[in-house]
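Structural characterization, general
If you want the building blocks of each chain, they are given just below.
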Amino acid sequence: MLRLAYLLLFFSLFTSSVVAAKDLEQQEIEFKENPGKLYIKLLKSTEYPQHFTTKEAFVQVANDLGFQPVELQRDLEVLARVNLEANLTSPTKYEDAKQLIEQLDLIATTAYDKAMVIMLKARLRGRENKEYQPIVVQYMDALNMINTDTSTQATIFKYILHEHLAGLNMMLLQSTAALSHFNRYREIAYQLHNDYFIAEAETALGKYYNRSGDKAKSLQHFSEAFRLANGVSYPQLKSQTLINLARTYRDLEQWDDALKYAHEAADIQQNLGLESYLAETLNVIAMVYEGQEKWTKAVDYYLNAQQVNERVGNIIAVGVNFHNVGGIYAKLDNIPAALNALQRANEIFRSLKTHHYLVHNELLFTQINAEQAQWAETIKHAKQTLELAKQLKQTDIEIEALEYLSNAYRKTNDLSAAIDTIESIIELTKITKESAKESNGHSEFTEQKLKFELTTLNSKLEQQIANNKHNQFIIILFALSLIIVVSLMIFTWRKYIQKRRLYLKSEAINHIEPTSQTPGYRAFIQTLDSIDLTTAKTLALININELNHIDLQLGLTESRQFMQKFLVQMEQQFNTQVFMIRSGLIACYFDQPRDAEYIHAQTMQCLETFKTIQTNIPNFSNTCNAHQISIGHINLPLIANPDVTISAQLHFETIQYALAAALAIPEKPAFVSLRPLNFAPAAIFMPPLYLNLSQALNRGIIRAESNRNILEFNWPKC
């Protein structure tokens, strides 16, 4: 009884932990799918804003709301995260987030709590100041703090951190670090066994490979994400997989498919009010038109995306849109509009210190000015591009800027500067070739990775358990009931599996002829039941006298081996499956009409072939004409009427009847074939079969054919 009590307690704890884990996963899915709805829900449940300045005051607030303190703390953490989402339209979201972070910092005691506060502070810093490099360091600090925590809560938090770190490193053009975090992000998703998380991780990796130019891997990850998204009912996830398919088809220049998937994604995003995602989708549509050189449509969609980005306050995206529009205006030869758009993009990127975007904008500035022979402006922007490229260690951009600069110097007759620039290009080209052969072992990512791997902070989750006794009793009672039901289901299932296994084993034995251990009578009947007996086929029953007593002549072991080999030989000769009814008596069927003479000839050929390799059977290797072979034969269907059904057993007994007549013929080999006439009634193939067949033969309803004199037949007596 004590062991049972322990077992029940263990199962109750296990069940409650599984339910809690699923709740955490579902909340994270709701966060990703509909942050606005989750925001309203959390505002209502937490009655935000709450005012407390001490840990004790917070506990009192939690008790007043009917929460456990840790439960309220987790909800406030999620509320802070929601306030930092770009899709949320609350005008005070950043102020609310700042207040929540201060309160969470006040009550943080465990490593998990402190890591969450660090992550929230970093995310707020990114939203307000667009400072991404320091944010990466803060995120890594948060990740290190929960490195050894294996709880579901911590695992989901690591999933979030790796997702954000991968995106941040992509923005900072740190592709190696980004790929490492993307892979870890995907590993955790599979560890959680959650299709939604896996689809998101596959999507993220697809985006990474798409930007890296590896279209094969990109399509592989996007296809898997699309497959998983179709298996769950989450429209936002589906919209993301659709837009990624649109990107893929855009890159493959399959414009119609790209537009189809992009518009489907845009419809979903408009219905859900996901404006930041909608802006991204409009950009993709614009790029499709740009790829088709439909410049006017491309500008329209870029400007529409820009309006959406301005509404949601995504200033960086607004700058990127100005950059894209500037490039298209240049292709339309509207140079003033192009330079104006690029200047506005420059102002945004400089104010936000987003140099990884600014360097590309300055390069485009340089290119357009060079095409217009504005050499002073070309030199100015080329130098700015060069400075940024050096800072970001973008050697390819640096080389391209130097090329524009050297050309501008030549056009302005500054040959000395042009020569210096060309020498710089040559030097950079050499360095690029050398660095391609060496592994970069001193990158910033390596330092972060080493720091992360060496950090082994021990953290323990401290929770206060003060559940209501009545609720505890209900939970335990529910858990016990669930355990009993599950135990009964497991017990019943195991019994079923055991009986099923015994049934299959007995059925397999039942279909085997005992002496030869080969498919026998029941296997033959089952085969006849599984085929269409109303189409043209042939059944035959062959008796070989020399093999009727082979089990006595050779003994069970050798005779079994002999008969197994002989059946294999017959199957190869007949090109069909054969069945051992008993020693020397073999049944077979053919999927097409075969006459008795063909079966007789093939049987003789099989014996001729087999006697050359089996000589240990008495009288078996004698001259072939002496073989005592008898064959019963029928062609199907027996009755022309397709509505009449004759059982497999009666088909078998019919060829038995024919074989019985063949066995009664003294002269061997002999075969007898039965063929009912077209007007033959179905009643002749009903029990008692032998009596009905004998009467039908006497009346001429059934015709008998043989290689011997039919008038001398002794038909079976009933």
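Please read all numbers here as calculations on a predicted model, not as lab measurements.

1. Quick word on the confidence of the model for the chain
Of all residues in the chain, 88% attain a pLDDT of 70 or more, and the chain-wide mean is 81. In this model residues 1–19 is a low-confidence stretch, pLDDT under 50, and it forms six contacts with partners more than four residues away in sequence or in other chains. Confidence drops under pLDDT 50 across residues 437–464; counting only partners more than four residues distant or on other chains, this segment forms 31 contacts.

2. Some details on unusual backbone geometry
Here Y48 and P49 are connected by a cis peptide whose omega angle stands at 5°. Looking at where P49 falls in the secondary structure, it is placed in the loop between α2 (35–46) and α3 (55–65). Put simply, L636 and P637 share a cis peptide bond, and its omega is 0°. Assignment of secondary structure puts P637 in the loop between β6 (629–636) and α28 (648–663). In this structure, E293 takes a positive phi of about 60° despite not being glycine. Here E293 lies in the loop between α14 (275–291) and α15 (295–312). When its relative accessible area of 55% is taken as the criterion, E293 is described as exposed.

3. Some details on the nonpolar core
If you look at the biggest cluster of nonpolar residues, it comprises 83 residues, and the most contacted ones within it are M119, L120, Y139, F157 and L161. Sequence-distant contacts of L161, defined by excluding residues within four places in its chain, comprise M119, Y139, A142, L143 and I146.

4. Quick look at the packing of helix α7 (residues 132–145) against helix α8 (residues 152–171)
At a minimum axis distance of 10 Å, the contact between α7 and α8 shows a crossing angle of 155°. As summarised for this structure, α7 and α8 are arranged roughly antiparallel, according to the angle between their axes. The handedness of the crossing between α7 and α8 comes out as left-handed. Contact residues: α7 offers Y132, I135, V136, Y139, M140, A142 and L143, while α8 offers K158, L161, H162, H164, L165, L168, N169 and M171. In terms of residue class, the contact of α7 with α8 is built from 11 nonpolar, three polar and one charged.

5. Regarding the packing of aromatic side chains
For the structure shown, the criterion picks out 19 aromatic pairs. Their ring planes at 40° and their centres at 4.6 Å tell us that Y159 and Y185 sit as a pair that is tilted. Within this pair, whereas Y159 is found in helix α8, its partner Y185 is found in helix α9 (residues 175–192), the two being separated by 26 residues in sequence. Residues Y159 and Y185 agree in their burial class; the two are buried. Centre to centre, the rings of F524 and F652 are 5.9 Å apart; their planes meet at 65°, and the pair counts as edge-to-face. Within this pair, whereas F524 is found in helix α24 (residues 521–530), its partner F652 is found in helix α28, the two being separated by 128 residues in sequence. The rings of Y159, Y185, Y196, F197 and Y234 are connected pair by pair, giving a single aromatic cluster. Between R81 and the ring centre of F31, over which it is positioned, the NZ or CZ distance is 4.0 Å. Looking at K260, its charged tip hangs above the ring of Y261, at a distance of 5.3 Å from the centre.

6. Considering the sheet that holds strand β5 (residues 585–590)
The sheet built from six strands is open, its strands ordered β4-β5-β3-β6-β7-β8 with mixed pairing. Each edge of the open sheet carries a strand with a single partner, namely β4 (578–582) and β8 (702–706). The average angle at which neighbouring strand axes cross in this sheet is 20°, direction not considered. One ladder, built from five bridges, connects strand β7 (residues 670–676) with β8; its direction is antiparallel. Bridging from a neighbouring strand, S673 pairs with E705 of β8. Each of β3 (537–544), β4, β5, β6 and β7 is contacted by α28, which is oriented at about 145° to β6, the strand it contacts most.

7. So, empty space enclosed by the protein
Taken as a whole and assessed by the stated rule, the structure comprises two cavities of 30 Å³ or more. Here the largest cavity defines a volume of roughly 50 Å³. Together, E513, T515, S516, I550, D551, S559, R560, M563, M580, R582 and S583 line the largest cavity. Mapped onto the lining of the largest cavity, the elements with two or more residues apiece are α25 (550–554), α26 (556–574) and β4. Here the element with the most residues in the lining of the largest cavity is α26; it accounts for three residues. Classifying every residue of the lining of the largest cavity gives three nonpolar, four polar and four charged.

8. Things to note about the pattern of salt bridges
Under the definition given, this model contains 18 salt bridges. Between E30 and K41 there is a salt bridge whose closest N-O contact spans 3.5 Å. Taken as a pair, E30 in helix α1 (residues 2–33) and K41 in helix α2 lie far apart in primary sequence, 11 residues in all. Note on E30: relative accessible area 18%, which makes it buried. Of the charged contacts, one joins E163 and K32 as a salt bridge, the two residues approaching to 2.9 Å between their closest N and O atoms. Of the two residues, E163 is situated in helix α8 and K32 in helix α1; the sequence distance between them amounts to 131 residues. Exposure remark for E163: the relative accessible area of 23% places this residue in the partly exposed category. For K32, a relative accessible area of 11% puts it in the buried group. Each of K32, E163 and E200 takes part in one network of salt bridges that share partners.

9. Some remarks on the pairing of β5
Where a strand is regular, its side chains alternate between the two sheet faces. In terms of burial, β5 is a largely internal element, six of the six residues being buried. Burial along β5 is two-sided: the residues L585, A587 and Y589 and I586, C588 and F590 are all buried. Where β4 hands over to β5, the hairpin turn is made up of two residues, of which G584 adopts a positive phi near 85°.

Parameters at a glance
- In this numbering scheme, every chain counts its residues from 1 along its sequence in written order.
- Where totals are concerned, whole chains, interfaces and linings use all residues; where local detail is concerned, this predicted model gives features only for residues with pLDDT of at least 70, and gives and counts side-chain atom pairs only at 80 or more.
- Where side-chain values are given, they derive from all heavy atoms of the structure, hydrogens and water being excluded.
- Scored from 0 to 100, pLDDT records how confident the predictor is in each individual residue.
- Whether two residues touch is decided by their heavy atoms; if any such pair falls within 4.5 Å, the residues are in contact.
- Every helix listed is a DSSP run of H or I at least four residues long, and every strand listed is a run of E at least two residues long, numbered separately from the N terminus.
- Whether a residue is buried, partly exposed or exposed follows from its accessible area with a 1.4 Å probe, protein chains only, as a fraction of its type maximum: under 20%, in between, or over 50%, in that order.
- Only buried residues count toward a nonpolar core. Its members are Ala, Val, Leu, Ile, Met, Phe, Trp, Tyr and Cys residues joined through side-chain atoms within 4.5 Å.
- Only the stretch in contact is used when fitting a helix axis, every axis being a line fitted to C-alpha atoms; angles between N-to-C directions are given from 0 to 180 degrees.
- Throughout, the term roughly parallel applies to angles under 35 degrees, roughly antiparallel to angles over 145, roughly perpendicular to angles from 65 to 115, and oblique to all others.
- When the near helix sits turned anticlockwise from the far one by under a right angle, the crossing is termed left-handed; a clockwise turn instead gives a right-handed crossing.
- In this classification, the charged set is Asp, Glu, Lys and Arg, the nonpolar set is Ala, Val, Leu, Ile, Met, Phe, Trp, Tyr, Cys and Pro, and all remaining amino acids, among them Gly, are polar.
- Two rings from Phe, Tyr or Trp (for Trp, the six-membered ring) form a pair when their centres are within 6.5 Å of each other. A pair whose planes differ by under 30 degrees is stacked, one over 60 is edge-to-face, and the rest are tilted.
- By definition, being over a ring means that NZ of Lys or CZ of Arg is both within 6 Å of the ring centre and within 35 degrees of the ring normal.
- Pairing between strands is defined by DSSP: at least two bridges between them are needed.
- Within this scheme a cavity is a closed region of a 1 Å grid, computed over the protein atoms alone, that accommodates a 1.4 Å probe without allowing it to escape, whereas a pocket is open but has protein on both sides within 12 Å along at least five of seven lines; lining residues each have an atom within 4 Å of a point.
- Grid points are joined across faces, edges and corners, and a volume is the space filled by probe spheres set on the points.
- One speaks of a salt bridge when a side-chain nitrogen belonging to Lys or Arg is within 4 Å of a carboxyl oxygen belonging to Asp or Glu.

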